[in-house]
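Each chain is listed here by its residues.
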Amino acid sequence: MEKKVALVTGAGSGVGRAVALALLRAGYCVALALLRAGYCVALAGRRAEALEQTVALAGEAGERALAVPTDVRDPEAIRALFAQTQATFGRLDVLFNNAGIVRNGPLEELSLADWQAVVETNLTASFLCTQEAFKLMKSQNPMGGRIINNGSVSAHAPRPNSASYTATKHAISGLTKSTALDGRKYNIACGQIDIGNALTDNTASMTSGALQANGTLAIEPVMDVEHVAQSVLHMANLPLEANVLFMTVMATKMPLVGRG
């Protein structure tokens, strides 16, 4: 293959940006030093300026990026995203289902609108992107590819007041298993990375105090988001004969084991 193509949703900030940059930088090095090939990353997010910032941060490697502002809650927009990726790069080798939102609050006060927004963004969009990835990966030559879902340690143990987020992340684990099974006949591998306390704008509050199961606030340890990016890059770089089905990468001393 002349190039290896990845698509990252939610690439305008946080984990998505870190992973997109890791893929771009890895591709730039591979292109020049080893294989005369590289990774081309299609960046999907709702804010065009945030995507352009991601591209700018990649430096020269940003020349291999395609910024596609996309509302992942819009099925037509998702179809257009994958069509543009195929038209630009010719194939798709890696999909990182990363886009997600949080709507925290007491379960009994959670509005239906907030519940639906979280489900549509965190779960339904991942399903729709997976569908489109299947269509591309099963029809391309060579056939196959890899899908990596962003789960969460909330797929194992919830935080207080996180019913919608936790429910979607548990559901993502089921989607990962079904995708891994149904993708076998098309040489499509699927795995999930469950992340705990990676320091981003969304998790910065943990350094000043996070709500615990007993109702207290406690400062929680965090880790550099680059560790997440390198973990996803490792999963992406595996040959299709090998798969990381589930990986948990977390701040070593965060209160996950024994949470509650």
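Below, the structure is looked at part by part. (Residues numbered from 1 in each chain as written. Predicted model: local features only at pLDDT ≥ 70, side-chain atom pairs only at ≥ 80, totals over all residues. Heavy atoms only, no water.)

1. Thoughts on the layout of surface pockets
If you add up the space inside the largest pocket, you get close to 1,400 Å³. Lining the largest pocket are 50 residues, with Val102, Tyr165, Thr200, Asn202 and Thr203 positioned closest to its centre. When residues of the lining of the largest pocket are traced back to their parent elements, those giving at least two are α1 (14-33), β2 (39-45), α2 (48-57), α5 (163-182), β6 (188-196), β7 (198-199) and β8 (210-211). With four residues, the single largest contributor to the lining of the largest pocket is α1. In terms of residue class, the lining of the largest pocket is made up of 19 nonpolar, 24 polar and seven charged. (1 Å grid on protein atoms, 1.4 Å probe; cavity = no way out; pocket = protein on both sides within 12 Å on 5 of 7 lines; lining within 4 Å. Points joined across faces, edges and corners; volume = space filled by probe spheres on them. Helix = DSSP H or I, 4+ residues; strand = E, 2+ residues; numbered from the N terminus. Nonpolar A, V, L, I, M, F, W, Y, C, P; charged D, E, K, R; others polar.)

2. What about empty space enclosed by the protein?
Inspection of every chain in the model, using the stated rule, returns one cavity of 30 Å³ or more. For the largest cavity, the calculated volume is near 40 Å³. Lining the largest cavity are Thr9, Val72, Asn97, Asn98, Ala99, Thr121, Ala125, Ser126 and Cys129. For the lining of the largest cavity, the element with the highest residue contribution is helix α4 (residues 112-139), accounting for four residues.

3. Quick word on the packing of aromatic side chains
On inspection of all chains with the given rule, the structure shows one aromatic pair. When the ring of phenylalanine 134 is compared with that of tyrosine 186, the centres are 6.0 Å apart and the planes differ by 80°; the resulting orientation is edge-to-face. Taken together, the residues phenylalanine 134 in helix α4 and tyrosine 186 in the loop between α5 and β6 connect sequence positions 52 residues apart. (Phe/Tyr/Trp six-rings, centres within 6.5 Å; stacked < 30°, edge-to-face > 60°.)

4. Re the pattern of salt bridges
Enumeration according to the criterion identifies six salt bridges in this entry. Note that glutamate 120 and arginine 73 form a salt bridge whose closest N and O atoms lie 2.9 Å from each other. Of this pair, glutamate 120 sits in helix α4 while arginine 73 sits in the loop between β3 (65-69) and α3 (75-89); the two residues are 47 residues apart in sequence, bridging distant segments of the chain. Judged by relative accessible area, which is 31%, glutamate 120 ranks as partly exposed. Aspartate 93 is paired through a salt bridge with arginine 91; the nearest N and O atoms lie 2.9 Å apart. Taking the relative accessible area as the measure of exposure, aspartate 93 reaches 6% and is therefore buried. Assessed through its relative accessible area of 9%, arginine 91 is described here as buried. (Salt bridge = Lys/Arg side-chain N within 4 Å of Asp/Glu carboxyl O. Buried < 20%, exposed > 50% of the residue type's maximum accessible area, 1.4 Å probe, protein only.)

5. Concerning the pairing of strand β11 (residues 246-250)
What you see with β11 is a clean split: Met247 and Val249 sit on the buried side and Phe246, Thr248 and Met250 on the side with no burial. When β6 meets β11, the two strands line up parallel, connected through five bridges. The residue of β11 that forms the bridge with isoleucine 195 is valine 249. (Pairing = 2+ DSSP bridges.)

Any link to function would need more than the numbers given here.
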